[in-house]
Amino acid sequence: MSDRTFTTSDFDFALPPELIAQHPAPERSASRLLDGSGAAPIDRVFRDLPALLQPGDLLVFNDTQVVKARLYGHKPPAPLARSRRSPQGAPIGLGRPGADRQPSGGKLELLVERVLPDGSVAAHMKVSKKPPPGTVLRMAGDFTATVLGRWPQADGPLFHLRLSGDAYQLMAAHGHVPLPPYIQHTDSAQDVARYQTVFARHPGAVAAPTAALHFDDALLAAIDARGVQRAFVTLHVGAGTFQPVRTENLAEHLMHRERYLVPPATAQAVAECRARGGRVVAVGTTSVRTLESWAASGQRQGDTDIFITPGFGFRVVDALVTNFHLPRSTLMMLVSALAGHDHVMALYAHAVAARYRFFSYGDAMWLTRRDGEPAR
């Protein structure tokens, strides 16, 4: 294990904007796959993945479902200022035709981060002036959202709101696909279908587990025929996944929290994989975070703020299928912890030179643990 001390700048790289994928590949498994398991990169197609797996391996997928978490609305109209009156009793200060009309409230945008156990929601709010508790927001689709305060504490970063109906039903009917900030178009029918895995089953994510977007039914059948097992975890991906690390000292970064679940069947599948000498292959960094959070805490469900950086001791994951990540992000640090910093940075340089497509709708990588030994 290296004694090198890393800073955030060590995970930076130059990316031409045109390499940021704005739309998915025509077919899920037709994306490119950069094989980084050896010393030199190999350019492949994603449907080649079964040949890189071994009979007895275990693929672990994140089966979270992206909800239409972006909601639009407006604040209530501002109350009219009480007009002054002249000494003769006539109102003054209105000054223009129509000034007695009530002004409309400002526009706002909610991004629902989490539906809480009592049915209320915690959400990011984009608005010119933050509304105080008790404010009733009028949302597009003719429902309301009442501001209860902040979350998770009184000065928390998110707003605590109660919608005037079932949160999941209202999002499904009136919400928009929460596309990442680097995708420059509004959501479309294509995004509804493709910013979602084929096995999504538990609603709650505001971002897709993007490595799993490359899998289609034909590829899953080929993986089964290879003698590779499949299992699922759930991690509801939050908007914090897109946040860059803004401190140079990694220890000063405050990691976001996400909910996870490791079902008993998956825990058993991992144990059986270990017993037969297979590899645990995480599909996506969210699966890594879930499996390693479970291993570190002993808890199969809960909230995790695990921060995986070079030097991390992996206990479960042996290999990883992952997309290309944002510069200076916690996910760049995670993949570097698994496959080695210098190796990952060289792979990214190759990907840029070879014109791979980056981020959520982009291409993928195949990585194995840098020491070649099974995680323990």
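Provided above is the structure to which this section pertains.
Along every chain, residues carry numbers that run from 1 in the direction the sequence is written. A pLDDT threshold of at least 70 governs which residues receive local features in this predicted model, and a stricter bar of 80 or more applies before side-chain atom pairs are shown or counted, although totals over entire chains, interfaces and linings include all residues. To get the side-chain values, take all heavy atoms of the structure and skip hydrogens and water.

Peer 1: Quick rundown of the pattern of salt bridges? Include the residues and the values.
Peer 2: By convention in these notes, a salt bridge is any Lys or Arg side-chain nitrogen within 4 Å of a carboxyl oxygen on Asp or Glu. Enumeration over the complete set of coordinates arrives at 18 salt bridges. Where D224 meets R230, a salt bridge forms, and the shortest distance between an N and an O atom there is 2.6 Å. Throughout this description, buried means an accessible area under 20% of the type-specific maximum (1.4 Å probe, protein chains only), exposed means over 50%, and partly exposed covers the range between. Classification of D224 by relative accessible area gives partly exposed; the value is 38%. When its relative accessible area of 33% is taken as the criterion, R230 is described as partly exposed. Here R257 and D305 are joined by a salt bridge, their closest N and O atoms 3.1 Å apart.

Peer 1: Lay out the environment of V262 in plain terms, naming residues and giving numbers.
Peer 2: For V262, the position within the fold is in the loop between β15 (258-261) and α5 (264-276). When the C-alpha atoms of V262 and A225 are compared, they prove to be 25 Å apart, with 37 residues separating the residues in sequence. Any two residues whose heavy atoms approach within 4.5 Å are treated as being in contact. Each residue touching V262, except ones within four places of it in the same chain, is listed here: V233, A267, T290, W294 and R300. The numbering of helices and of strands both runs from the N terminus, where a helix is a DSSP run of H or I of at least 4 residues and a strand a run of E of at least 2.

Peer 1: Can you tell me about the pairing of strand β2 (residues 42-45), naming the residues and giving the values?
Peer 2: Any two strands with at least two DSSP bridges between them are considered paired. In terms of strand pairing, strand β1 (residues 32-35) meets β2 through four bridges, oriented antiparallel. Residue L34 lies in a different strand from β2, and its bridge partner there is D43. Where β1 folds back on β2, the antiparallel hairpin that results is connected by six residues.

Peer 1: Help me get a handle on the packing of helix α7 (residues 330-339) against helix α8 (residues 341-353), residues and values and all.
Peer 2: The axes of two packed helices give the description: the angle between them and the distance between them. In the contact formed by α7 and α8, the axes pass within 7 Å of each other and the chain directions differ by 120°. Taken together, the axes of α7 and α8 are oblique relative to one another. The hand of the α7/α8 crossing is right-handed. Contacts between α7 and α8 involve M332, V335, S336 and A339 from the first element and H341, H343, V344, M345 and Y348 from the second. Of the residues belonging to the contact of α7 with α8, the class tally is six nonpolar, three polar and no charged. Between N-to-C directions, angles cover 0 to 180 degrees, with each direction set by a line fitted to C-alpha atoms, over the stretch in contact for helices. What sets the label is the angle itself: under 35 degrees gives roughly parallel, over 145 gives roughly antiparallel, 65 to 115 gives roughly perpendicular, and the rest give oblique. Handedness of each helix crossing follows the sense of rotation of the near helix against the far helix: counterclockwise by less than a right angle gives left-handed, clockwise gives right-handed. Any residue outside Ala, Val, Leu, Ile, Met, Phe, Trp, Tyr, Cys, Pro, Asp, Glu, Lys and Arg is labelled polar, Gly included; the first ten of those are nonpolar and the last four are charged.

Peer 1: Any chance you could break down the packing of aromatic side chains for me, citing the residues and the numbers?
Peer 2: Stacked, edge-to-face and tilted are the three classes for Phe, Tyr and Trp ring pairs, Trp counted by its six-membered ring, which pair at centre distances within 6.5 Å; planes under 30 degrees apart are stacked, over 60 edge-to-face, the rest tilted. For the structure shown, the criterion picks out 17 aromatic pairs. Seen in terms of ring centroids, Y348 and F358 are 6.0 Å apart; in terms of plane orientation they differ by 65°. Their pairing is edge-to-face. Linking Y348 in helix α8 with F358 in the loop between α8 and β19 (364-368), this pair joins segments that are 10 residues apart in sequence. Assigned by exposure class, Y348 and F358 land together as buried. Members of the aromatic cluster, joined through ring pairs, are F13, Y182, F242, F324, Y348, Y356, F358 and F359. Any Lys NZ or Arg CZ that is within 6 Å of a ring centre and within 35 degrees of that ring's normal is treated as a charge sitting over the ring. The aromatic ring of F159 is capped on one face by R150, whose charged end is 4.2 Å from the ring centroid. Across the ring face of F232, the terminal group of R201 is positioned such that the distance to the ring centre comes to 4.6 Å.

Peer 1: Now, about the sheet that holds strand β12 (residues 158-163): what can you tell me, with residues and values included?
Peer 2: Sheet strands pair by backbone hydrogen bonding; their relative direction is either parallel or antiparallel. Read around the closed barrel, the six strands follow the order β5-β8-β9-β12-β11-β10; overall the barrel is antiparallel. Taking the axes of each pair of neighbouring strands and ignoring which way they run, one obtains an average angle of 45° across the sheet. As defined by bridge partners, strand β5 (residues 70-74) adjoins strand β10 (residues 136-139) across two bridges and the pair is classed as antiparallel. Paired with H74 across the bridge in β10 is R138. On the sheet, helix α2 (residues 167-174) packs against β5, β8 (107-115), β9 (121-127), β11 (143-151) and β12 and is oriented at approximately 130° with respect to β8.

Peer 1: Any details on the sheet that holds β19? Residues and values, ideally.
Peer 2: If you trace the nine strands from one edge of the open sheet to the other, you get β2-β1-β19-β18-β16-β3-β14-β15-β17, paired in mixed fashion. At either margin of the open sheet sits one strand with a lone partner, and together these are β2 and β17 (301-304). The average angle at which neighbouring strand axes cross in this sheet is 25°, direction not considered. Summarising the sheet, strand β16 (residues 280-283) and strand β18 (residues 319-323) pair through three bridges and their orientation is parallel. Each residue of the ladder has a partner; that of A282, found in β18, is L320. Its contacts with the sheet put helix α6 (residues 285-297) on β3 (58-62), β14 (229-235), β15, β16, β17 and β18, and the angle it makes with β14 is roughly 80°.

Peer 1: How would you explain unusual backbone geometry if you had to name every residue and give the values?
Peer 2: Here the bond from W151 into P152 is cis, since omega is 5°, no more than 30 degrees from zero. In this fold, P152 is placed in the loop between β11 and β12. The phi torsion at D142 lies on the positive side, around 65°, for a residue other than glycine. Assignment of secondary structure puts D142 in the loop between β10 and β11. Among the residues examined, D142 registers a relative accessible area of 63% and is labelled exposed. We note that R328 has phi near 60°; this positive angle belongs to a residue other than glycine. Summarising the element assignment, R328 is placed in the loop between β18 and α7. Assessed through its relative accessible area of 23%, R328 is described here as partly exposed.

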